[in-house]
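# Per-entry structural report
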Amino acid sequence: MASICTYNSAIIITIILLLLKDALGMVPAVYVFGDSLADVGNNNHLQLSLLKANYPHNGVDYPGRKATGRFSNGKNFADFLAQNLGVETSPPYLSLPSKSNNTSVYLTGVNFASGGAGISNTTNSGACIRFDQQIDYYSAVYGVIVQQLGTTQAQDHLSKSVFAIVIGSNELLNYAKSNSASKASPQQFVDSLIPTLQGQLKRIYNLGARKFVLIGTGPIGCCPALREQNKTKECNAEGNSASVLYNKAVSSLLNEMRRQYSDMSYSFVDTSIVLNQYIQQPSAYGFTEVKSACCGLGDLNAKVACLPVSTYCSNRSSHIFWDFYHPTEATARMVVATAFDGSAPSVYPVNIRQLAS
């Protein structure tokens, strides 16, 4: 057990604040892993990557109209998760200046998510922080926390924290766009991903995580990029089928892990079900445009990405999609609100509010 005499003032202050959060029943920290749906700026620091969003018109609705690296007109899933939990958005890991002296920052949460990341190490290799690498970074953070707090206090802290994971969309997009003659069936493709994901989730568990939030994939086939490739501009049925199968497989995996680890709990968000409600009944949720991207160029604003030369819509909150892949801030806010207070079949076996308490 580490003595309080070994702590610097910043760590002491942080521990006091964490104790206050604990007394109030609040989540002490949020650790985020995943792809562009949760990236809050990590890819800004990847010098050789083109998978970035730190330029206009991204961030047009973010405070200060600032392009922060979020693939959105404003805030994203990670922001709204933190907001609903009553904590600050966890900072991007690669933005932290000194990886050896940031225990106080690590204790309040870190975001490792990277645009382009997938379950497989080959997905957008070299252009993002691979999911396995994200876990490597978290492993280093875990080591620092244990070193500073001692094993018992570190495990207590991490067991009360929320570990949010948003992963799988990039593999499903690549699958849906593929025209390969040797292409696997949607079920075969999903089955090929799950063993790797299982190993990754177990590794995070073994590094102290006990409360998991898994945000499943949306109806991939309905994103503007895939609609645009369809002559009728309807959703790509194969992509949507793969999304449904993926979410079912991840749900089954989490249930299996909960049976194996009695101290683990989770909340799974079936984003396909949630977004399909918006797409099929847009007016009920305040949307008027379900097919086109707000920002881009060409058919459905989906021929060209959201670049400074692109046009963008005046009423972002009326669109489900910001660009040819990503949701608007309004969509992200609503999905997380459902994840936080909703019920099955949209979120289960508990919602995030219940998980956090």
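For the structure, see preceding data.
Residues numbered from 1 in each chain as written. Predicted model: local features only at pLDDT ≥ 70, side-chain atom pairs only at ≥ 80, totals over all residues. Heavy atoms only, no water.

### Describing the overall build of the protein chain
Per the secondary structure count, the protein chain includes 12 helices and nine strands. Against the compact-globule benchmark of 21 Å for 357 residues, the protein chain has a radius of gyration of 20 Å, which places it among compact chains. In terms of its C-alpha atoms, the protein chain occupies a principal-axis envelope of roughly 65 × 45 × 40 Å. Of all 357 residues assigned to the protein chain, the portion counted as buried reaches 55%. Measuring between centres, the 26 positive side-chain charges of the protein chain sit 2 Å from its 22 negative side-chain charges. (Helix = DSSP H or I, 4+ residues; strand = E, 2+ residues; numbered from the N terminus. Rg over C-alpha atoms; globule rule 2.2 N^0.38 Å. Buried < 20%, exposed > 50% of the residue type's maximum accessible area, 1.4 Å probe, protein only. Lys, Arg positive; Asp, Glu negative; His and termini not counted. Charge placed at Lys NZ, Arg CZ, Asp CG, Glu CD.)

### What to know about the pairing of strand β2 (residues 162-166)
Across the five residues that make up β2, a large majority, five, are buried. What you see with β2 is no split at all: V162, A164 and V166 on one side and F163 and I165 on the other are buried throughout.

### Here we look at the nonpolar core
In terms of nonpolar packing, the biggest core is built from 100 residues, with Y31, F33 and L85 touching the most fellow members. Those residues in contact with L85, other than ones at most four positions away along the chain, are V27, V30, V162, F340, I352 and A356. Counting residues in hydrophobic clusters, the runner-up holds six residues, among them C294, C306, C313 and W322. (Core = buried A, V, L, I, M, F, W, Y, C linked by side-chain atoms within 4.5 Å. Contact = heavy atoms within 4.5 Å.)

### Thoughts on the state of the cysteines
In the structure shown here, the tally under the stated rule is three disulfides. In the protein chain, the bonded cysteines, taken in the order they occur along the sequence, pair up as 1-2, 3-6, 4-5. In this structure C128 is a free cysteine whose sulfur lies 18 Å from that of C223, the closest cysteine sulfur available. The buried category is assigned to C128, whose relative accessible area is 11%. With no disulfide of its own, C223 lies 8.2 Å from the sulfur of C222, the closest cysteine sulfur. (Disulfide = S-S within 2.5 Å.)

### Thoughts on the environment of P97
Tracing the sequence through the fold places P97 in the loop between α2 (77-85) and α3 (103-106). When its relative accessible area of 78% is taken as the criterion, P97 is described as exposed. Along the chain, P97 and V304 lie 207 residues apart, while their C-alpha atoms are 35 Å from each other.

### Concerning the packing of α2 against helix α11 (residues 329-341)
At a minimum axis distance of 9 Å, the contact between α2 and α11 shows a crossing angle of 45 degrees. Classed by the angle they form, the pair α2 and α11 counts as oblique. You can see that α2 and α11 cross each other, and the crossing is right-handed. Touching F77, F80, L81, N84 and L85 of α2 are E329, A332, R333, V335, V336 and F340, all from α11. Tallied by class, residues from the contact of α2 with α11 come to eight nonpolar, one polar and two charged. (Axes fitted to C-alpha atoms, helices over the stretch in contact; angles between N-to-C directions. Parallel < 35°, antiparallel > 145°, perpendicular 65-115°, else oblique. Left-handed = near helix turned anticlockwise from the far one by under 90°. Nonpolar A, V, L, I, M, F, W, Y, C, P; charged D, E, K, R; others polar.)

### Focus: helix α6 (residues 169-177)
Every α-helix winds through 3.6 residues per turn, so residues three or four apart in the chain are directed the same way. Taking burial as the measure, the nine residues of α6 include seven buried ones, the bulk of the element. S169, N170, E171, L172, L173, Y175 and A176 are the residues of α6 that are buried. Elements that come into contact with the buried residues of α6 comprise α7 (186-206), α8 (224-228) and α9 (237-260).

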